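Next come the chains, spelled out residue by residue.
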Amino acid sequence: EPAKPAAAAVVEEEGEEEGEAEVEIELRHDIEAMGAERPSSMAQPREPEIDPRINISQFLYVTEKLLGEDPHPRALTALSEFLEDSFQETPQQRQSRQLDEKLAAKQHMMTIKINDLFDEWDVDNLGFLDRTEILEVMSQWNKNSTKSYNIEMSKQICMAVESVERTDLLRQDFMNLCQTFHKVLDSDDYMDRLLDFVSLVVKTQREDLRRERKRRRWLQVMTILPKVSGSDHSMYFRSFFDIIEKDFGYHGNGRLINAYIALVENDPDADEEDEDKTLLRYIASTANDQSILIGRTLYANQKCISNQVRRSGKAVYINQIRNNNQVHLWAMDRWAVDEDRDGAFLVLPLKTDKDRIVGVVGVDTLLSSTPTQFLPHEITFIQNAVRSLSNGFSFLDARHKFQRTLISLLEVIPRKEPNVKTVSCYVVEPLPQVPSGPVPEGQPVERVLRCILVLNPKTSEVEVQSGASRAVIHRSDSSFRDYLFTCLEKQEDQQQRALGTDHLAMCILGPDDQPFLVMDLDTGKDNPLLKPAQVKSIRNLYSKLVVVFQQLLEEVEKDEKTFLNENEEKLPDDLKFALRFEKMILDDLKKRMSNMDVGALSEMKSYKEPPAIIATVIQVTMLILDVCPEEELQEWSKIKGFLNSDLLKKLGAFNPLSKDNKIDIHKINDRLKGVTSTDVKKGGSLPSYLLYQWIIDVISIIRVSNTS
């Protein structure tokens with residue numbers, strides 16, 4: 001600014017000083033009016049009804065009134081200096097202020113604590129709490145109270161919860177309820193204890209809920225796996241071990257566990273006077289014990305926990321393995337590593353749906369660091385997992401037994417219909433996934449196909465698929481196999497050329513009229529498609545397969561073994577049903593052959609020297625029926641004499657399972673070496689072709705019945 005005259009400057013300074021003095025006087029008057037303390041030199045009697053305290057808003061109001069909305073900087077400086085020099089806080093005021101600040105801080109911390117408790121309790125982020133759950137937690141606090149005063153307060157708190165009208169308490173409702181608790185307790189210390197107790201209970205419940213949700217999902221996996229494992233026991237057992245190990249990893253402080261599965265089998269070396277002619281064989285275990293346990297056996301006369309469980313049907317839990325002489329240890333070297341090593345042992349029975357014991361499941365903590373004992377919730381989960389394993393095992397066991405019958409089917413099809421070069425068997429399964437929520441009723445289930453068996457056209461042997469070859473086939477990923485899914489959906493036969501060869505897809509319905517198998521018959525690139533009569537013949541085989549499957553399901557449901565003849569009693573269950581299937585095929589062939597008469601054999605008798613194929617078929621037939629000595633089979637003139645009605649009667653009455661039969665299968669196979677059904681069909685007559693079919697069926701039955 002330009003310089004001012006000296007006189008004018010003096011007048012201006014005097015005016016400013018007078019203005020500051022006036023501001024100071026007015027400020028003091030207003031402070032007195034608000035009831036604030038002032039220096040003793042300015043002290044005057046104070047009205048008792050005026051509150052001596054002002055808040056920030058009041059102070060700002062006074063300042064704005066005195067200095068205006070746009071005060072001069074010197075006025076602000078003067079006001080600040082005055083307050084710093086003149087205002088003094090008395091001890092009473094300081095104590096009152098600190099008490100107020102402490103109460104406000106406590107109230108603020110209490111509010112934060114209640115809000116945190118609400119968020120922690122509302123696990124699903126619903127925005128409200130259930131009044132019933134709050135009452136249940138408060139009732140627990142009531143049970144934990146011992147003093148009569150605390151019990152009375154606990155009762156009043158429970159009554160306060162019950163008096164709330166809303167069943168779903170929002171955040172503000174919960175805050176108001178906690179304020180009611182505070183009034184009832186009438187103590188910050190008691191209120192803190194109550195909130196800490198509730199927080200501890202809520203944390204425990206939350207951890208239990210998370211653990212139960214994860215375990216419930218794992219048990220759902222155990223329920224679904226049997227239906228999507230393609231009747232593979234090993235895959236199902238590995239999944240069971242994985243779930244148990246994961247549970248101890250997540251909820252057992254990372255403890256290591258060992259587990260095994262042992263099944264009951266007949267003891268072939270048992271004496272006739274032995275009451276128990278069975279044994280336990282270890283068939284699956286966790287990775288740590290596979291080299292130690294797999295293939296081992298526990299005989300009935302051995303005193304051990306596993307035998308005790310399979311006889312009683314009740315689970316046994318042992319806290320300390322080291323001091324128990326009934327625990328049979330296969331690997332003693334584990335004790336040598338650490339002399340203080342110990343562990344707990346839990347053995348549970350593996351049962352069918354009808355509570356028949358078929359094996360045992362053992363879990364131990366020999367490899368775990370302390371603590372090694374099982375907690376109650378761990379034992380409960382293992383029991384539930386073994387229960388799911390039992391249900392799944394029954395389903396898989398039925399599928400596994402039926403698989404041997406499927407092998408017989410795949411072997412029969414090419415010999416009945418020579419145009420079929422190879423056959424692939426697919427089992428129908430639901431999409432392997434665990435639903436995230438309830439599945440709406442009526443919603444279609446997405447299905448996939450899993451290849452389980454393939455007939456090798458080069459070796460004519462059925463190969464059981466494993467590993468990558470058992471991969472699931474999705475419709476979206478298999479455009480070349482779309483005809484399989486079309487057959488599945490329409491339940492109709494589908495003929496289509498795919499991958500350079502002609503295919504016939506046929507769907508097999510189970511007893512519930514739902515498709516459970518899809519067969520893919522490959523007739524090759526040179527052979528014509530199957531004729532309706534040929535398709536009908538294959539359908540006839542499928543119908544017999546369904547009958548056997550129905551018998552198997554009935555036996556599993558009743559949990560009672562049935563035998564149609566004494567030969568079935570010595571066979572395992574899977575071979576027993578395969579034998580029934582083979583016998584049904586032979587019986588069906590006998591019905592066709594019953595229409596043959598002596599005239600049907602006249603064509604073969606008319607040969608002066610029959611073709612080599614026909615001669616071989618007739619020789620093998622005579623050999624099986626033991627019509628004449630083997631050395632006479634080389635003379636056609638003698639063989640022709642046996643082609644009569646007696647031969648037809650022997651064919652119809654022949655029982656391949658009779659003990660009187662002395663059939664050398666190896667000798668028969670040597671004679672039939674190089675002879676195929678196609679060759680017989682082309683180079684011979686219908687009677688010779690039927691005789692060849694009869695020979696093959698008889699050999700199949702004998703082979704199945706003699707399988708150990």
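Above this text you will find the structure in question.
Throughout what follows, the structure given in this document is the object of discussion. Each chain carries its own residue numbering, running from 1 in the direction its sequence is written. Under the rules for a predicted model, residues below a pLDDT of 70 receive no local features and side-chain atom pairs below 80 are neither given nor counted, while totals for whole chains, interfaces and linings still include all residues. Each side-chain value is derived from all of the structure's non-hydrogen atoms; neither hydrogens nor water enter the calculation.

**Looking at helix α21 (residues 645-653)**
Then comes step 1: Burial here depends on accessible area, computed with a 1.4 Å probe over protein chains only, as a share of the maximum for the residue type. Under 20% is buried, over 50% is exposed, and the range in between is partly exposed. Starting at the N terminus, helices and strands are each numbered in turn, a helix being any DSSP run of H or I of at least four residues and a strand any DSSP run of E of at least two. Of all the residues in α21, the buried ones are Leu647, Leu648 and Leu651. Angularly, the buried residues of α21 cover 100° about the axis, an arc narrow enough to put them on a single face. Seen from the open side of α21, the exposed residues pointing more than 90 degrees away from its buried face are Lys649 and Ala653.
Then comes step 2: Here a residue-residue contact requires only that any non-hydrogen atoms of the pair lie within 4.5 Å. Buried residues in α21 make contact with α17 (573-593), α18 (598-605), α19 (612-625) and α24 (686-705).
Then comes step 3: The N-terminus of α21 is capped by Asn644, whose side-chain oxygen sits 3.1 Å from the backbone nitrogen of Asp646. The arc in question is traced by the directions running from the helix axis to the C-beta atoms. Any N or O atom pair separated by 3.5 Å or less is treated as a polar contact, with the protein-specific requirement of one donor-capable and one acceptor-capable atom, and with residues adjacent in sequence counted only for side-chain atom pairs.

**Re the pattern of salt bridges**
Then comes step 1: The term salt bridge refers to a side-chain nitrogen of Lys or Arg lying within 4 Å of a carboxyl oxygen of Asp or Glu. Per the stated rule, a full pass over the model turns up 27 salt bridges.
Then comes step 2: Put simply, Asp196 and Lys113 hold a salt bridge, and the shortest N to O gap is 2.8 Å. Of this pair, Asp196 sits in helix α8 (residues 188-228) while Lys113 sits in helix α4 (residues 91-121); the two residues are 83 residues apart in sequence, bridging distant segments of the chain.
Then comes step 3: When the shortest N-O distance is used, the salt bridge between Asp397 and Lys401 registers 3.1 Å. Residue Asp397 and its partner Lys401 are located together in helix α13 (residues 376-416), separated by 4 residues, close to a single helical turn.
Then comes step 4: Looking at Lys401, the relative accessible area reads 13%, which means it is buried.
Then comes step 5: Salt bridges sharing partners connect three or more residues here, namely Lys113, Asp192 and Asp196.

**Some points on a negative patch on the surface**
Then comes step 1: Note that patches include only residues with greater than 30% relative accessible area and no salt bridge, and the join distances are 9 Å for like charges and 5 Å for nonpolar side chains (Val, Leu, Ile, Met, Phe, Trp, Tyr). Note on areas: Shrake-Rupley, 1.4 Å probe, and residue coverage restricted to the protein chains presented here. Just so you know, the count uses Lys and Arg for positive and Asp and Glu for negative, and it drops His and the chain ends. Throughout, a charge is located at the NZ atom of Lys, the CZ atom of Arg, the CG atom of Asp or the CD atom of Glu. A cluster of acidic residues, Asp269, Asp271, Glu272 and Glu273, forms a negative patch at the surface.
Then comes step 2: For Asp269, the location among the structural elements is in the loop between β3 (258-266) and β4 (278-285).
Then comes step 3: According to the relative accessible area criterion, Asp269 is exposed, its value standing at 62%.

**Overview of a nonpolar patch on the surface**
Then comes step 1: A contiguous nonpolar surface patch, about 380 Å² in accessible area, is contributed by Ile54, Ile56, Phe59 and Leu60.
Then comes step 2: Residue placement: Ile56 occurs in helix α2 (residues 56-67).

**What about the sheet that holds β3?**
By definition, the strands of a sheet pair up through backbone hydrogen bonds, in either a parallel or an antiparallel sense.
Then comes step 1: Think of it this way: DSSP has to see at least two bridges between two strands before they count as a pair. Judged by pairing direction, the sheet is antiparallel, and its 6 strands sit side by side in the order β5-β4-β3-β8-β7-β6 without closing on themselves. Since the sheet does not close on itself, it has two edges, and those belong to β5 (297-299) and β6 (316-318), each with one partner. The sheet shows a mean angle of 25° between the axes of neighbouring strands, direction not considered.
Then comes step 2: Across 6 bridges, the pairing between β3 and strand β8 (residues 357-364) is antiparallel. Its bridge partner being in β8, Asn258 is matched across the sheet by Asp364. Angles shown run from 0 to 180 degrees and are taken between the N-to-C directions of axes, each axis being a line fitted to C-alpha atoms and, for helices, limited to the stretch in contact.

**A look at the pairing of strand β7 (residues 345-351)**
Then comes step 1: Along β7, 6 of the 7 residues are buried, which leaves the element largely enclosed by surrounding structure.
Then comes step 2: In this structure, β6 lies alongside β7, joined through 3 bridges in antiparallel fashion. Its bridge partner lying in β7, Tyr317 is registered against Leu346.
Then comes step 3: As consecutive antiparallel partners, β7 and β8 are separated by 5 residues, and within that stretch Asp355 has a phi angle of approximately 65°, a positive value.

**Here's the deal with the pairing of strand β14 (residues 501-509)**
Then comes step 1: Most of β14 is tucked away: 8 of the 9 residues are buried.
Then comes step 2: One ladder, built from 5 bridges, connects strand β13 (residues 494-498) with β14; its direction is antiparallel. Paired with Gln496 across the two strands is His503, which belongs to β14.
Then comes step 3: Where β14 lies against strand β15 (residues 515-524), 8 bridges are found, and the strand directions are antiparallel. Bridge assignment links Asp502 to a residue of β15, and that residue is Gly524.
Then comes step 4: In textbook terms, the turn of a hairpin is the stretch between consecutive antiparallel strands, and for β14 and β15 this stretch comprises 5 residues, one of which, Asp513, has a positive phi near 65°.

**Quick word on the side chain of Arg404**
Then comes step 1: For Arg404, the position within the fold is in helix α13.
Then comes step 2: In this structure Arg404 is buried but unpaired, with Glu411 as the nearest side chain of opposite charge at 4.9 Å.
Then comes step 3: Here the side chain of Arg404 touches Ser408 through a polar contact of 3.0 Å, side chain to side chain.

**Examining the environment of Ser606**
Then comes step 1: Relative to the elements of secondary structure, Ser606 occurs in the loop between α18 and α19.
Then comes step 2: Residue classification places Ser606 among the exposed positions, given a relative accessible area of 56%.
Then comes step 3: Between the alpha carbons of Ser606 and Lys640 there is a distance of 8.9 Å; along the sequence they are 34 residues apart.

**Description of the environment of Leu521**
Then comes step 1: Residue position: Leu521 is located in strand β15.
Then comes step 2: Sequence separation between Leu521 and Val423 is 98 residues; the distance between their C-alpha atoms is 4.6 Å.
Then comes step 3: Beyond its immediate stretch of four places on either side in the chain, Leu521 contacts Ile413, Val420, Thr422, Val423, Asp502, His503, Leu504, Met506, Leu530, Ile538 and Tyr542.

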